Amino acid sequence: MALFQISEPGQTPAPHERRYAVGIDLGTTNSLVACVRSGVAETLPDEHGRHLLPSVVRYRTDGAPVVGHDAIAVAHEDPLNTIASVKRLMGRGVEDVRRLGQSLPYEFSPGDSAMPRIRTVAGDQSPVAVSAEILKTLKTRATQSLGMEIGDAVITVPAYFDDAQRQATKDAARLAGLNVLRLLSEPTAAAVAYGLDKNPRGVYAIYDLGGGTFDISLLRLNRGVFEVMATAGDSALGGDDMDHAIAEWIMREAGIQDDAGHRQMRRLLRDARAAKEVLTGAEKTTLRVQRDNHEVWEGVLTRTHLNALIDPLIDRTLPPCKRVLRDAGIRANEVDGVVLVGGATRIPRVREKVSQFFGREPLADIDPDKVVAIGAALQADVLIGNKRDEEMLLLDVIPLSLGLEIMGGMVEKIIPRNTTIPVAKAQDFTTFKDGQTALLVHVLQGERELVTDCRSLARFELRGIPPMTAGAARIRVGFQIDADGLLSVSARELTTGVESSVVVKPSYGLTDNEIEHMLRDSIAHAREDEEARKLREQQVDADRLIEAVESALAADGSLLDVKERTEIDRSIEGLKAARGGNDAARIKQAIKTLDGATLAFAARRMDANIRRALTGHKLEEFGAPGGKPTS
Amino acid sequence: MAITMTQAAAERVRKFIEKRGKGEGLRLGVRTSGCSGKAYVIEYADKIEPDDHVYESHGAKVIVDAKSLVYLDGTELDYTREGLNEGFKFNNPNVKDSCGCGESFNV
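Reading guide: rules and limits
- Residues numbered from 1 in each chain as written.
- Chains lettered and ligands numbered in written order.
- Predicted model: local features only at pLDDT ≥ 70, side-chain atom pairs only at ≥ 80, totals over all residues.
- Helix = DSSP H or I, 4+ residues; strand = E, 2+ residues; numbered from the N terminus.
- Expected span 1.5 Å × (residues − 1).
- Buried ≥ 20, exposed ≤ 12 C-beta atoms within 10 Å, placed from the backbone.
- Contact = placed C-beta atoms within 7 Å.
- Pairing = 2+ DSSP bridges.
- Axes fitted to C-alpha atoms, helices over the stretch in contact; angles between N-to-C directions.
- Parallel < 35°, antiparallel > 145°, perpendicular 65-115°, else oblique.
- Left-handed = near helix turned anticlockwise from the far one by under 90°.
- Nonpolar A, V, L, I, M, F, W, Y, C, P; charged D, E, K, R; others polar.
- Core = buried A, V, L, I, M, F, W, Y, C linked by C-beta atoms within 7 Å.
- Right-handed = clockwise from strand over helix to strand, strands pointing away.

A.B. asks: Can you explain helix 4 (residues 163-175) of chain A? Please cite residues and give values.
C.D. replies: Residue and element names in this part refer to chain A. The end-to-end C-alpha separation of helix 4 is 18 Å, in line with the 18 Å expected for 13 residues at 1.5 Å each. Most of helix 4 is tucked away: 11 of the 13 residues are buried. Buried residues of helix 4: Asp163, Ala164, Gln165, Arg166, Gln167, Ala168, Thr169, Lys170, Asp171, Ala172 and Ala173, and no others. The elements touched by buried residues of helix 4 are strand 1 (21-26), helix 3 (127-146), strand 10 (152-157), strand 11 (179-185), strand 24 (455-462) and strand 26 (487-493). Just past helix 4, the residue Gly177 takes up positive phi, approximately 80°.

Now the structure itself:
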């Protein structure tokens, strides 16, 4: 017998034509799936009524991987085959992983592949494949909960995820048999869950303190579009650290040695976590812990004492909050709303500190563990067509500018950061040298002016440009970003139509801190970047001039007398010397000098060229009055 | 005869309307469509029309238009869980046969 859900007035679908799309929060510690049913967005529980699915996958020799609670339960017995926090590896290259590797307990297989692979009893697994297992489990849950096959999903990613990390997430979804309607940034999803996108405009802070990571994002809403003004955070700070702080306190109080066994440590952490959760509602709780000598220690933890234990951790979230405000150039009292995300924001002390910092009560009515998934479900419901079109079409923005390398190692930004996507932009470029037949297109991401300070995303060559004088070819480079923030770049020479293109795929990634640094550095180094750019521009001008004068000298050097030639040679040497230095003004001056020295030479060349062109022809041939055009 | 809701169904309706933020009650109806001739309509009711019949069960209203009532009279609406799936279920004495899944039916 069919089970029915309530529709909006006039929106009841035809039989068998109801469509569902789910929202998935693919988290570092936990993942969730949510769906809009009867007009209400709710997360879907498993058969035991648990909404959170731990993002943990255990590989076995016999049978399919085990995901979630069951994988955690045996994690300590089989640590090498039980993969947790795989999100930290998404879209990362082998090099990045080597750096992170110190803190990860897995074995990575050596190989030439750019993608790191984790060695397990069930073969080498890529982070994409591990994430796909988590997604498959959520997909199955959704299919069972909704009574039909679920294929479409909106999946959330951190605001700072770059193209490689977004592509990896999409690949994982495809592997799990899910069609990604779009990737949505986590802070944007949280804002959508609270319906903030219905406001005409505003600035919102999304404070996300999860199990193992802290993120703070400032969003600016303008006419239904959220732009990420700034993000910051700490990729190694969360509720788990609080559990450790409490467990250490218990060990001190109960006289348990530092070298407590693994089993005991797990028990302590579980007790610590339970105490923390009780103290969200209660003022004190009693702890009973078995010591090594089987005596039972009993102690009382008050909320005041808990606060003292975790205050140093909470305080570490405040500098990033200050930083995003500074980056965005606004004051705390200009923030129109604060949204709490992540289980650790249930702790009263966290709310207290956040309220203090922003000077307003944060929004916290929606379960902070579920808020991101709920926002994603609302967006999925719109994208699948269950809402009237005018209601909501949420746009997203790119987090870092995208551009091209131009002469002199400079970056020409084609699409500035915070541009709403999807977007397509094109710009025309030309050749730098006479007879140049190929152009290297180097795609870069970042805010800085010089190539060396930005992140290289891709390189490709456009070949087959017909030989022409420098500056005559017209090469149109197009940047296209789809709704998921994935980039494709094409280059086309307009006279011949030769074309070449690239889709940016995962190659290697940056750590969260590095991305944050890139944003921060661009502000911190704005002035010197400007100077550097000026210098490079002058250097490029100098090179172009030297090249032109030298090729003119080679062709028409005979037009000059010794004195003129010496002066030009001296000016070229002067410019070369200046170009080698760091003084943009000096190069500019030297360019002027060489320009001046070659003025007469240029005029004489022009005359000579005209004379040469005219030699052997009658004036009439050039259509002079009275004559007849020859052709 | 009348249309009734079980306690479970009424509670869900009240909860959904509260979350939705507006609505008079639940509108049930029947329209011609589907593989077995008739299909149920189950929607939020934002207003009650003059010809509507209104029934109240456990503090929640069911609203039915006069034409649909012919096919629905005597129906009890339940809210049940089947495995992980949950939703409203029609116990309609007028139904002679329905399609395999029960989304459409014949009277």
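Read on for the rest.
A.B. asks: Provide a residue-level description of the sheet that holds strand 7 (residues 85-91) of chain B, including the pertinent values.
C.D. replies: Residues and elements named next belong to chain B. Here three strands make up an open sheet; going across it, the order is 1-6-7 and the pairing mixed. Among the strands making up the open sheet, the edge pair consists of strand 1 (4-5) and strand 7. Relative to strand 7, strand 6 (residues 76-82) runs antiparallel, the two sharing seven bridges. What sits directly across from Thr80, in strand 7, is Gly87. Along the sheet face, helix 1 (residues 7-20) touches strand 1, strand 6 and strand 7 and points at about 85° away from the line of strand 6.

A.B. asks: Please give an account of the packing of helix 14 (residues 562-580) of chain A against helix 15 (residues 584-597) of chain A that cites residues and values.
C.D. replies: Residues and elements named next belong to chain A. Where helix 14 contacts helix 15, the two axes come as close as 9 Å, and the packing angle between them is 165°. Our classification of the angle between helix 14 and helix 15 gives roughly antiparallel. Between helix 14 and helix 15 lies a crossing of left-handed hand. The segment helix 14 lies against helix 15, with Glu567, Ile568, Ser571, Ile572, Gly574, Leu575, Ala578 and Arg579 engaging Arg586, Ile587, Ala590, Ile591, Thr593, Leu594 and Ala597.

A.B. asks: Please set out the sheet that holds strand 14 (residues 225-234) of chain A residue by residue, giving values where relevant.
C.D. replies: All names here are of chain A. Strands sit in the order 14-13-12-17 across an open sheet of four strands; the sheet is mixed. Either end of the sheet is taken by a strand with one partner, and the two such strands are strand 14 and strand 17 (337-341). Going across the sheet, the axis of each strand differs from the next one's by a mean of 20°, ignoring polarity. Note that strand 13 (residues 214-222) and strand 14 share nine bridges and pair antiparallel. Across the sheet, the residue bridging to Phe214 is Asp234, located in strand 14. Strand contacts of helix 5 (residues 186-193): strand 12 (201-209), strand 13, strand 14 and strand 17, with the helix running at about 115° to strand 12, the strand carrying the most contacts. Contacting strand 13 and strand 14, helix 9 (residues 318-328) crosses the sheet at an angle of about 140° to strand 14.

A.B. asks: How would you sum up the interface of chain A and chain B? Please name residues and give values.
C.D. replies: Bring the parts together and some accessible area is lost; that lost area is often taken as the interface size. Each side of the interface is counted separately: chain A has 23 residues, and chain B has 28 residues. Ranked by residues supplied to the side of chain A that touches chain B, first place goes to helix 3 of chain A with four residues. In terms of residue class, the side of chain A that touches chain B is built from 10 nonpolar, 10 polar and three charged.

A.B. asks: I'd love a proper account of the nonpolar core, names of residues and values included.
C.D. replies: Residue and element names in this part refer to chain A. Formed by 114 residues in total, the largest nonpolar core has its most connected members in Val22, Ala34, Ala153, Ala376 and Ala377. With 10 residues, helix 11 (residues 371-383) is the largest single contributor of residues to this core. Residues contacting Ala376, with those up to four places away along its chain left out, are Gly23, Ile24, Asp25, Ala34, Val154, Ile155, Thr156, Leu184 and Ala189.

A.B. asks: Requested: an account of the pairing of strand 10 of chain A, with residues and values cited.
C.D. replies: Residues and elements named next belong to chain A. Counting buried positions over the six residues of strand 10 gives five, a clear majority of the element. Here five bridges tie strand 1 to strand 10, and the two strands are oriented parallel to one another. Note on strand 10: the bridge partner recorded for Val22 is Ala153. Following the backbone out of strand 10, through helix 4 and into the adjacent parallel strand 11, one traces a crossover that is right-handed.

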